[in-house]
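# Examining the three-dimensional arrangement
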Amino acid sequence: MNTAVTLCGIRMDNPVMGASGCFGYGVEFAELYDINLLGSFSFKGTTLHPRFGNPCPRIAESNSGMLNAVGLQNPGVRQVIAVELPRMKQFFHKPVMANVSGFSLDEYVQTCALLDAEEQVGWLEVNISCPNVHLGGMSFGTEPAAAAEITRAVKAVCKKPVIIKLTPNVSDIAAIASACEQAGADGISLINTLVALRIDIKTRRPVLANRTGGLSGPAILPVALAMVRKVYEAVSVPIVGMGGVSCVEDVLEMMLAGATAVQVGAANLVEPYICRDIVEDLPRAMARHGIEDLNDIIGGIQY
Amino acid sequence: MNTAVTLCGIRMDNPVMGASGCFGYGVEFAELYDINLLGSFSFKGTTLHPRFGNPCPRIAESNSGMLNAVGLQNPGVRQVIAVELPRMKQFFHKPVMANVSGFSLDEYVQTCALLDAEEQVGWLEVNISCPNVHLGGMSFGTEPAAAAEITRAVKAVCKKPVIIKLTPNVSDIAAIASACEQAGADGISLINTLVALRIDIKTRRPVLANRTGGLSGPAILPVALAMVRKVYEAVSVPIVGMGGVSCVEDVLEMMLAGATAVQVGAANLVEPYICRDIVEDLPRAMARHGIEDLNDIIGGIQY
Amino acid sequence: MKQGNYRVLSNRLIAHATWEMVLEGDTGSLKRPGQFVNVQVPGKFLRRPLSVAAWDNATLTLIYKVVGQGTDLLTRCRPADSLNLLCGLGNGFDLSPSGQHPLLVGGGVGLPPLYQLAMDLVKAGKQPHLIMGFGSSDEIFYEDLFRRLISVTVCTVDGSAGIKGFVTQAVPPKGSDYFFACGPSPMLQALCSWLPFSGQLSLEERMGCGFGACMGCSIQTTLGSQRVCKEGPVFAKEVLIW
Amino acid sequence: MKQGNYRVLSNRLIAHATWEMVLEGDTGSLKRPGQFVNVQVPGKFLRRPLSVAAWDNATLTLIYKVVGQGTDLLTRCRPADSLNLLCGLGNGFDLSPSGQHPLLVGGGVGLPPLYQLAMDLVKAGKQPHLIMGFGSSDEIFYEDLFRRLISVTVCTVDGSAGIKGFVTQAVPPKGSDYFFACGPSPMLQALCSWLPFSGQLSLEERMGCGFGACMGCSIQTTLGSQRVCKEGPVFAKEVLIW
Ligand SMILES: Cc1cc2nc3c(=O)[nH]c(=O)nc-3n(C[C@H](O)[C@H](O)[C@H](O)COP(=O)(O)OP(=O)(O)OC[C@H]3O[C@@H](n4cnc5c(N)ncnc54)[C@H](O)[C@@H]3O)c2cc1C
Ligand SMILES: Cc1cc2nc3c(=O)[nH]c(=O)nc-3n(C[C@H](O)[C@H](O)[C@H](O)COP(=O)(O)OP(=O)(O)OC[C@H]3O[C@@H](n4cnc5c(N)ncnc54)[C@H](O)[C@@H]3O)c2cc1C
Ligand SMILES: Cc1cc2nc3c(=O)[nH]c(=O)nc-3n(C[C@H](O)[C@H](O)[C@H](O)COP(=O)(O)O)c2cc1C
Ligand SMILES: Cc1cc2nc3c(=O)[nH]c(=O)nc-3n(C[C@H](O)[C@H](O)[C@H](O)COP(=O)(O)O)c2cc1C
Ligand code: FES
Ligand code: FES
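Below or above, wherever it landed, is the structure these notes cover. Just so it is clear, the model here is predicted, and its values are computed rather than measured.

The next point concerns the overall build of chain C. Secondary structure summary: chain C contains 4 helices and 15 strands in total. For 242 residues, the compact-globule formula gives about 18 Å, and the C-alpha radius of gyration of chain C, at 17 Å, lands near that figure. The dimensions of chain C, computed from C-alpha atoms along their principal axes, are 45 × 40 × 30 Å. Counting every position in chain C, which comprises 242 residues, the buried fraction comes to 57%. As displayed, chain C has an accessible area near 9,600 Å², and 52% of this comes from carbon and sulfur atoms. Between the averaged position of the 21 positive side-chain charges in chain C and that of its 18 negative side-chain charges there is a distance of 3 Å.

The next subject is the site of ligand 1. Residues and elements named next belong to chain C. Among the 20 residues in the neighbourhood of ligand 1, the closest are listed as R48, P49, G70, T71 and R206. Within the contact set of ligand 1, an oxygen atom lies 2.7 Å away from a side-chain nitrogen or oxygen of R48. At 2.7 Å, a backbone N or O of G70 approaches an oxygen atom of ligand 1. With the chains in place, 86% of the 810 Å² that ligand 1 exposes on its own is no longer accessible.

The operation relating the two chain copies consists of a rotation about an axis and a shift along that axis. With an RMSD of 0.0 Å, the operation that places chain B on chain A is a rotation of 180° combined with a shift of 0.0 Å along the axis. Taken together, the rotation angle and the small translation identify this as a two-fold axis. With an isologous cut-off of 70% or more, the 100% of interface residues of chain B that recur at the interface of chain A puts this contact in the isologous class.

In this section: the site of ligand 2. All names here are of chain D. What surrounds ligand 2 is a group of 20 residues, the closest being R48, P49, G70, T71 and R206. Here P49 contributes a backbone N or O atom positioned 2.6 Å from an oxygen atom of ligand 2. Between ligand 2 and Q69, the relevant distance is 3.4 Å, taken from an oxygen atom to a main-chain nitrogen or oxygen of the residue. Across the complex, the protein chains shield 87% of the 820 Å² of accessible surface that ligand 2 would expose by itself. Elements supplying a minimum of two residues to the shell around ligand 2: β4 (48-55), β5 (59-65) and α1 (69-74). Along the lines of polarity and charge, the residues of the shell around ligand 2 split into 10 nonpolar, 5 polar and 5 charged.

Turning next to the side chain of K126 of chain D. Residues and elements named next belong to chain D. The residue K126 is located in the loop between α2 (112-123) and β8 (129-134) in this model. For K126, which is buried and forms no salt bridge, the nearest opposite charge comes from D177, at a distance of 7.6 Å. Polar side-chain contacts of K126 include one of 3.1 Å to the backbone oxygen of S98. Residues within four places of K126 in sequence aside, it is in contact with S98, G99, Q100, P102 and L121.

Attention shifts here to the side chain of E84 of chain A. Residues and elements named next belong to chain A. Checked against the element boundaries, E84 lands in helix α2 (residues 77-89). Relative accessible area serves as the criterion here: at 11%, E84 is assigned to the buried category. A polar contact of 2.9 Å, which involves the side chain of E84, links it to the side chain of R87. With residues up to four places along the chain from it excluded, the contact list for E84 reads Y25 and Q79.

Counting from both sides, the interface comprises 28 residues of chain C and, opposite them, 33 residues of chain B. When chain C packs against chain B, the two sides together hide about 2,400 Å² of surface, and 59% of this comes from carbon and sulfur. Linking chain C with chain B are 4 salt bridges. R47 of chain C is the partner of E271 of chain B in a salt bridge, and the nearest nitrogen-oxygen pair spans 3.5 Å. Residue contributions to the side of chain C that touches chain B peak at 3 residues, all from strand β13 (residues 218-221) of chain C. Classifying every residue of the side of chain C that touches chain B by side-chain character gives 13 nonpolar, 8 polar and 7 charged.

All right, on to the packing of helix α6 (residues 173-182) of chain A against helix α7 (residues 221-234) of chain A then. Relative orientation and spacing of two packed helices are given, respectively, by the angle between their axes and the distance between those axes. Residues and elements named next belong to chain A. Direction vectors running N to C along α6 and α7 enclose 45°, while the axes themselves pass 9 Å from each other. Here α6 is positioned oblique relative to α7, judged by the angle of their axes. When you trace α6 past α7, the crossing you get is right-handed. Across the interface between the two elements, I173, A174, A177, S178 and E181 of α6 pack against M227, K230, V231 and A234 of α7. The class makeup of the residues in the contact of α6 with α7 is 6 nonpolar, 1 polar and 2 charged.

The biggest cluster of nonpolar side chains holds 293 residues, and the ones touching the most others in it are F43, L166 and L190 of chain A together with F43, L115, L166 and L190 of chain B. Setting aside its immediate chain neighbours within four residues, L115 of chain B contacts F43, T46, V77, V80, I81, L85, A98, V100, V121 and L124 of chain B.

Quick look at the sheet that holds strand β8 (residues 129-134) of chain C now. Residues and elements named next belong to chain C. Strand order in the open sheet made by the 7 strands is β10-β9-β8-β7-β11-β12-β15, with mixed pairing throughout. Edge positions in the sheet fall to β10 (163-164) and β15 (234-236), since each of these pairs with one other strand and no more. The pairing of strand β7 (residues 102-107) with strand β11 (residues 178-182) spans 5 bridges and is classified as parallel. The residue of β11 that forms the bridge with P102 is Y178. Helix-sheet contacts for helix α2 (residues 112-123) involve β7, β8 and β11, and the interaxial angle to β7 is about 165°.

Parameters and conventions
Residues numbered from 1 in each chain as written. Chains lettered and ligands numbered in written order. Predicted model: local features only at pLDDT ≥ 70, side-chain atom pairs only at ≥ 80, totals over all residues. Heavy atoms only, no water. Helix = DSSP H or I, 4+ residues; strand = E, 2+ residues; numbered from the N terminus. Rg over C-alpha atoms; globule rule 2.2 N^0.38 Å. Buried < 20%, exposed > 50% of the residue type's maximum accessible area, 1.4 Å probe, protein only. Areas by Shrake-Rupley, 256 points an atom, 1.4 Å probe, with all protein chains shown as cover. Lys, Arg positive; Asp, Glu negative; His and termini not counted. Charge placed at Lys NZ, Arg CZ, Asp CG, Glu CD. Near = heavy atom within 4 Å. Polar contact = N/O pair within 3.5 Å; in protein donor to acceptor, adjacent residues only side chain to side chain. Least-squares fit on C-alpha atoms with pLDDT ≥ 70 in both. Contact = heavy atoms within 4.5 Å. Nonpolar A, V, L, I, M, F, W, Y, C, P; charged D, E, K, R; others polar. Salt bridge = Lys/Arg side-chain N within 4 Å of Asp/Glu carboxyl O. Buried area = accessible area lost by both parts, 1.4 Å probe. Axes fitted to C-alpha atoms, helices over the stretch in contact; angles between N-to-C directions. Parallel < 35°, antiparallel > 145°, perpendicular 65-115°, else oblique. Left-handed = near helix turned anticlockwise from the far one by under 90°. Core = buried A, V, L, I, M, F, W, Y, C linked by side-chain atoms within 4.5 Å. Pairing = 2+ DSSP bridges.

What follows is the structure in structure tokens.
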């Protein structure tokens, strides 16, 4: 039985990854279990400069999901390299995925170049989709031309595989994925969160200080699956699928739709051992569904 | 205490409506309770010609929601006028909303013109968003220019208020709503379902025979609220809000976001009395939240 | 149709992955064998349609196979728990066109509606015969209960009990003049060409509502489009298009 | 932090809309008063953070106010039900900087963590005094339990019991030299300017995870950004920026 997959030339023991923003720098989970049993994880979105992010409340609840408006809180790329990566090295011994955000082409390029040079970094995951920041990535992710431009710019400074992470808040995600592929993207990661709002009827204010936030969790799984499939049919680079994954069956469904690797986001927050449990359940689930090699099912829906 | 609202010049006793496709022609619900206690309802999407719709399975489940790919099954506008409307007259005595779909500008125009002439019809709700039909409304609903074109064409043949129903599967729903308003739309209705996919891991096939379907139910409420708010800030015509509403608090949240009337869709299918219950809960909920007149809260989020 | 809360009286495993649940509550909306209920499963959005295997004034019996998350959750119900049901859904079997020797054919969890039907046919003075089909002997349930009422032939696909093979391997009693069937779609289709006489078949389709509101379950028939939940689930052999 | 299933021993209404739940299970991860648990509420996506009011080797006590759907669902728990908890979250109160006469100030359901704190302070040989604030007399809980340990002043906003007004209407005992507080944000803010000495405050913030993974609860302090769930919920007065 084979659970290993290869993502942009890097072999992973299994396709299960923690999603950016839901796995910190791994520290909190490494206190609970050996996170080396994961395929890998994508660390908290990193920007050129430190960011405090949005004011609280940053979290709201919804049916089978949650809204967040964290606003890309992170200590900035230099601190990540100086403090977080060395600390991570003590407990995580696999290539990690570096998630990058920015507010201009130049910021993306500088941040990616710095992280590309780090030995621990296996892939760059360029988030052109975060819907929380007013002047943020949104614009890059909703226009094929802009998405292509950022892809080209980042590719020009990186030796490591560059995976572009897309927003679902668009009319035609396949067009954007294709534009990224043509501009040299080594992979496509999707979906980020859906733009969402909750209102506190008592106070008549939005629950989130930032007003809107991003919806994630099991509620969005069917939307993510549709988009992963649509992109799978449009590009030939590998896909990192995510959105609502919270059990081993969801991982298999995501792979059937077209994902080579699968990230687990919000589910980690409410079930801290979920990624470990999924990795442990994987062989049993494969046996149950007659899967000998996970690679056989990638994109394998039958019509 | 006042629960009455006015939607495009027509007074409704309360803002609660059954959503199109989830309330049939009212018959099934009229067997359960007096549906005249509703504000109104929008009947099953009507096309010029009869349609059988998609093959089964047309329904799939997801977390806090469901996917449907009914594919606009309906007996065609002439049959609706000859059979359904006269039957409906026996148990429903308020203006009803006529939901219209089409596969060409001309079909929309003809269908709307025929329904506009029916006395029972209060409003036309023009669905330019149904994601299920391969050659369907999708194209009209994702481009501002196409949405405006259909609005103008329908307005030209209708005396009754024309409400355009939008798809959420777009990058900028406010731009489309504005285009419709400028083209003469009397109101905007949103959201229709989100494009979604579920895969049966046992058979490795999509659960739905149509492959993809539309996600609705409580899972999508926060997405609907964000879009209603965005459109509320972009247009001045009234908004019919829907998407995931399943209790009286959701109705209030939708109105705070900007809706003048609120439709309940998928929730009717699993709780057949839900619309009645919401109407009955409304005065109590208003008292609890210090609302004297529902009109006071439309669009009334405080920032 | 009636919506209501029903109290679990018992819920027990009766065969491999097959459970019988007896519920107490208003059965006034049940008129015919073959009708079904739509069960709210806490934590799941859609209700689960299940045939009524038997009912009396105050109780009804469901028999369900664990095939997914919803039916798995149902196994956790304990006596005194409460379940919300839409009761009395669908048309059910019409006994009137049957002759004196109806043949009942049920595959797996297609058998439940045939139990109340068998009781009603016997009460109406008919002499039904039942062919029960299962995958394997450990899946067999209600054989004794059926045998107390009528004559029975058992088939198993793996031959571990009764006749080896599908139900179409059985030989219907001489004089059989009508049939009632419920089971997986391929079985029903095979029956229609196998049995030379007329009959009624109970179909399954994924459902949104179960009471006719959503068009989620419509099929094409010679009568035009029909909702499995409302005009069905029981259809005359002649109207079905395979 | 420890994840585990905890058995409900009791769950009862102790004041207006205020419940006390005693749970049995592994309390080994609890080190200090003021730590909290994150409770999985079946049917809700996010867990609910609740302070631990008291614990021993095998049990822990939660006191919660019904303010929304999650806490309402919690009231339905019956003895022998099981709840999944993340236990031992947050830093908790540090007793060491306290003088001999610490002042405890708690508003409403801010009081629970002060109960274990009061016990620990007494055990450490200190003489704490407690100011309890409530909206109205029907909301008062644990007054007797606290009075058995330490001296207590009660305030109610409507004057229906004790001193009329907010906790800042009370007069701290002469010699008070340090404070520990938990309650609504405006109360905590008022305390910081009202009390001339140093102290620790337990904050509330909406949480995604409760164990430091999501940055959902970060606040700005003089120490930079701090996670209420991890570096907090207890912060020294001096580091808070209002
Ligand atoms: C009219 C009718 C009567 C039925 N009577 C019985 C009965 O007496 N005993 C019994 O064991 N089963 C019966 N079934 C099938 C039963 O409804 C499904 O096995 C059950 O819904 C599966 O639910 P799940 O959550 O375990 O499976 P999942 O696969 O997790 O369910 C996912 C979704 O698909 C639907 N679904 C899955 N399989 C079926 C199916 N075969 N038919 C319809 N919907 C399905 C579920 O209702 C749910 O909405 C009947 C179906 C119909 C339509
Ligand atoms: C560290 C900490 C300790 C707490 N200790 C207690 C305690 O001992 N007793 C007690 O009664 N309450 C306590 N609270 C507040 C308690 O968490 C909320 O009252 C509870 O989460 C409300 O849940 P709900 O579903 O009833 O409300 P809803 O409003 O329906 O909840 C919706 C969402 O908002 C969150 N939320 C709502 N109010 C609060 C709040 N005040 N603080 C944090 N999240 C909130 C919920 O957790 C949930 O995610 C504490 C909060 C924190 C952060
Ligand atoms: C609290 C939180 C913070 C997030 N931060 C980031 C981020 O920094 N960068 C990023 O690309 N995605 C971020 N995401 C999005 C997730 O990585 C993921 O794309 C999304 O949540 C969908 O997956 P899920 O449904 O499994 O959570 C964040 C999500 C959450 C819930
Ligand atoms: C089974 C089903 C059929 C639907 N048919 C139509 C339709 O014919 N026309 C239309 O405009 N919307 C149709 N819709 C969309 C709903 O009217 C509504 O916009 C959507 O479901 C979101 O609301 P909800 O989450 O409350 O269901 C249908 C939805 C469902 C679930
Ligand atoms: S399931 Fe809704 S009409 Fe049959
Ligand atoms: S709640 Fe997730 S970091 Fe504090």
